[in-house]
Amino acid sequence: MSRSSLWIVLLVFAIIVFGCGKKEEQKPPENIANVTTTQVVARDLPLTESAVGSETWVSQADTYDPTRDLARRFYIRLPFPLDIVRRLKIGESVTLTNFEDGKKTIGVIREIRPALSTMTQTVEVIAEVKNPGGWRPAGSVRGEVSLEIHRNMPVVPEQSIVLRPAGSVIYVISDNVAHAHPVKTGIQRDGMIEILEGIQPGWIVAVDGAALLSDGAKVSVRAATPATSGTPSAPGS
C-alpha cells in the first residue's frame, strides 16, 4: 500500500471514530413567558378633582349628642385650587367621603367663597350634606367633584402599562406573540387607566407578566379576564 493510500485510510478511520462520537449540539430551551390577558374595553371616565376639608360647625366632645346630630345638616369647607373653582357651579353635586369609616354620600355646593388664600392659593367651597349617620362634628372629609366626562375611551388595567425608556408601552397578544404598542395614557381611576392613543377596544393585551415581555416575545396565556364591554377589532385595522 502506498503512503498516500495509507493516509487516506487513516483519515477515513479518524472521521468514523471521532465523527460518530460527536453529539449534536443541543439548542437552548425556548423562552416562553407566562402572562394573563384581558380585552380592552371602552368606558366613560369622569375627570375629577378632590380636596380635604371638615365641617364648619365645631363642638366640644362632651356636648356631642348623636341623636340630635343624626338628622342635622353639615356644611363642609373644601379648599379647591382657583383654576378648579372657576369650573364649579352652585348646586353642583359633590361626593363626600368620611375618613373615619370610609362612608360616602352626595352633597351639594351651596357657596363658593370669593376670598383666595394667599398661603395655599385655594378658595373655600361650601358643600351641604345631610348626615348619613356616623359622622361626628369636626371630622375630616374628602370632597370630590366631577369636572368632565371622557366618553367611550379605551381602558386597561394599570398592570398592563409598562414603562420603557421611550415611554409607556402595552403588549398586544396575537397568536401567542407579544407586540409592543407605544401608548399615551390619560385618567387613572379604580385600577383602570384611560388610553388616549395607541390601542383600540377589543384588542387582547397582557396584564400580569407584562413587565417581563419584549416585542416579539412568545407567550403562554395562563388566564384570560373576560371583557365587560367593547367591540372587538383586529390589531392591524
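Residues numbered from 1 in each chain as written. Predicted model: local features only at pLDDT ≥ 70, side-chain atom pairs only at ≥ 80, totals over all residues. Heavy atoms only, no water.

1. Observations regarding the overall build of the chain
Then, in step 1: The helix and strand tally for the chain stands at three helices and 14 strands.
Then, in step 2: Restricting the contact set of the chain to residue pairs at least 6 apart, pairs at least 24 apart contribute 72%.
Then, in step 3: In the structure as shown, the chain presents an accessible area of about 14800 Å², 54% of it carried by carbon and sulfur atoms. (Helix = DSSP H or I, 4+ residues; strand = E, 2+ residues; numbered from the N terminus. Contact = heavy atoms within 4.5 Å. Areas by Shrake-Rupley, 256 points an atom, 1.4 Å probe, with all protein chains shown as cover.)

2. Considerations on the pairing of strand S12 (residues 192-197)
Then, in step 1: Pairing between strand S7 (residues 140-157) and S12: three bridges, direction antiparallel. Paired with Val-156 across the bridge in S12 is Ile-193.
Then, in step 2: By the bridge criterion, four bridges tie strand S11 (residues 184-189) to S12 in an arrangement that is antiparallel. Bridge assignment links Thr-185 to a residue of S12, and that residue is Ile-195.
Then, in step 3: Here S11 hands over to S12 after two residues, with Asp-190 in that stretch at a positive phi of 55 degrees. (Pairing = 2+ DSSP bridges.)

3. Concerning the nonpolar core
Then, in step 1: Ile-76, Leu-78, Phe-80, Leu-88, Leu-96 and Val-145 are the most contacted members of the largest nonpolar core, which has 18 residues in total.
Then, in step 2: Secondary-structure elements contributing two or more residues to this core are strand S3 (73-81), helix H3 (82-85), strand S4 (93-98), strand S6 (122-130) and S7.
Then, in step 3: Excluding anything up to four places from it in sequence, Leu-78 contacts Ala-51, Val-52, Gly-53, Val-94, Leu-96, Val-123, Glu-124, Val-125, Ala-127, Val-141 and Gly-143.
Then, in step 4: With twelve residues, the next largest nonpolar core counts Tyr-171, Ile-173, Ala-178 and Ala-206 among its residues. (Core = buried A, V, L, I, M, F, W, Y, C linked by side-chain atoms within 4.5 Å. Buried < 20%, exposed > 50% of the residue type's maximum accessible area, 1.4 Å probe, protein only.)

4. Topic: the confidence of the model for the chain
In low-pLDDT regions, the fine details of the predicted coordinates are not to be read closely.
Then, in step 1: Averaged over all residues, the pLDDT of the chain is 80; the fraction at 70 or higher stands at 72%.
Then, in step 2: The low-confidence segment residues 58-64 (pLDDT under 50) makes eight contacts with residues lying over four places distant or belonging to another chain. (pLDDT = per-residue confidence, 0-100.)

5. Looking at the environment of Arg-151
Then, in step 1: Examined against the element boundaries, Arg-151 turns out to sit in strand S7.
Then, in step 2: As a C-alpha pair, Arg-151 and Pro-46 span 105 residues in sequence and 8.6 Å in three-dimensional space.
Then, in step 3: Those residues in contact with Arg-151 that lie beyond four places of it in its chain are Arg-43 and Asp-44.
Then, in step 4: Side-chain polar atoms of Arg-151 contact the side chain of Asp-44, separated by 3.2 Å. (Polar contact = N/O pair within 3.5 Å; in protein donor to acceptor, adjacent residues only side chain to side chain.)

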